[in-house]
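Single-letter residue listing:
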Amino acid sequence: MEEIDRRIVTLLAADGRMSFTDLAKETGLSVSAVHQRVRRLEKRGVIRGYAALVDYDEIGLPLTAFVSIKPNDPSAPDDAPVRLSHLTAIEACHSVAGDESYILKVRVASPLGLEELLQQIRASANVSTRTTVVLSTPYDYRSPVLGREPEGGAAEG
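Residues numbered from 1 in each chain as written. Predicted model: local features only at pLDDT ≥ 70, side-chain atom pairs only at ≥ 80, totals over all residues. Heavy atoms only, no water.

What follows deals with the overall build of the protein. When helices and strands are tallied, the protein shows five helices and four strands. Seen in sequence order, the protein has helices and strands lined up from the N terminus as α-α-α-β-α-β-β-α-β. For 157 residues, the compact-globule formula gives about 15 Å, and the C-alpha radius of gyration of the protein, at 20 Å, lies well above that figure. The principal-axis extent of the C-alpha atoms belonging to the protein is close to 55 × 40 × 25 Å. Going through the 157 residues of the protein one by one, you find that 26% of them count as buried. Put simply, the protein shows about 10,600 Å² of open surface, and 51% of that area lies on carbon and sulfur atoms. (Helix = DSSP H or I, 4+ residues; strand = E, 2+ residues; numbered from the N terminus. Rg over C-alpha atoms; globule rule 2.2 N^0.38 Å. Buried < 20%, exposed > 50% of the residue type's maximum accessible area, 1.4 Å probe, protein only. Areas by Shrake-Rupley, 256 points an atom, 1.4 Å probe, with all protein chains shown as cover.)

What follows is the structure in structure tokens.
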């Protein structure tokens, strides 16, 4: 990816509503050149979409938890994400290495809501759960810092 595209992605990750005019000022490109580059990044799937950042306390979902799941029957098909897709309180599902198969990020209104959701998860996917409740979130939605790739295309680590 070209350095200028990295700059555009970094700027949009920090502010998805940044105008093409402001992007042009920040990158030194013309508005039409920025527009073309953003559209190309969208078509390539580098920019997958734009979303509003929501205050979950304000919308009645103040309790966030991470729920690790593993199948009760290890020989059963690995279809937990499909079996759980109808549960809208699950914000994200991550396949992970380790003892558990997946970690779910969930948001609910109360401890009782979490208890009910855990029962639904266990029943829907035939899994056991281990839950970690979030006490506070010092930061979230951090924008990526995109630097130059070293030769060979691998990211620096």
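Time to look at unusual backbone geometry. Even without glycine at this site, asparagine 126 takes up a positive phi of about 50°. Here asparagine 126 lies in the loop between α5 (111–125) and β4 (127–133). With relative accessibility at 40%, the residue asparagine 126 sits in the partly exposed group. Phi at tyrosine 141 is positive, roughly 55°, even though this residue is not glycine. Structurally, tyrosine 141 can be placed in the segment after β4.

Attention now goes to the packing of helix α2 (residues 20–27) against helix α3 (residues 31–44). Contact pair α2 / α3: the axes reach a minimum separation of 8 Å and the direction vectors enclose 100°. Judged by the inter-axis angle, α2 sits roughly perpendicular to α3. On α3, the residues that touch Phe20, Thr21, Leu23, Ala24 and Thr27 of α2 are Val31, Val34, His35, Val38 and Arg39. (Axes fitted to C-alpha atoms, helices over the stretch in contact; angles between N-to-C directions. Parallel < 35°, antiparallel > 145°, perpendicular 65-115°, else oblique. Contact = heavy atoms within 4.5 Å.)

Remember that side chains alternate between the two faces of the sheet whenever the strand is regular. As paired strands, strand β2 (residues 90–95) and strand β3 (residues 102–108) are joined by five bridges and run antiparallel to one another. Looking across to β3, one finds that isoleucine 90 is bridged to valine 106. Between β2 and β3, which follow one another and run antiparallel, lie six residues, and glycine 98 among them has a positive phi close to 125°. (Pairing = 2+ DSSP bridges.)

Throughout the structure, instances matching the rule amount to 10 salt bridges. A salt bridge links glutamate 2 to arginine 37; the shortest N-O distance between them is 3.3 Å. Taken together, the residues span a long stretch of sequence, with glutamate 2 in the segment before α1 (3–14) and arginine 37 in helix α3 at a distance of 35 residues. Exposure remark for glutamate 2: the relative accessible area of 46% places this residue in the partly exposed category. (Salt bridge = Lys/Arg side-chain N within 4 Å of Asp/Glu carboxyl O.)

By themselves, these are just geometric observations and shouldn't be taken as functional.
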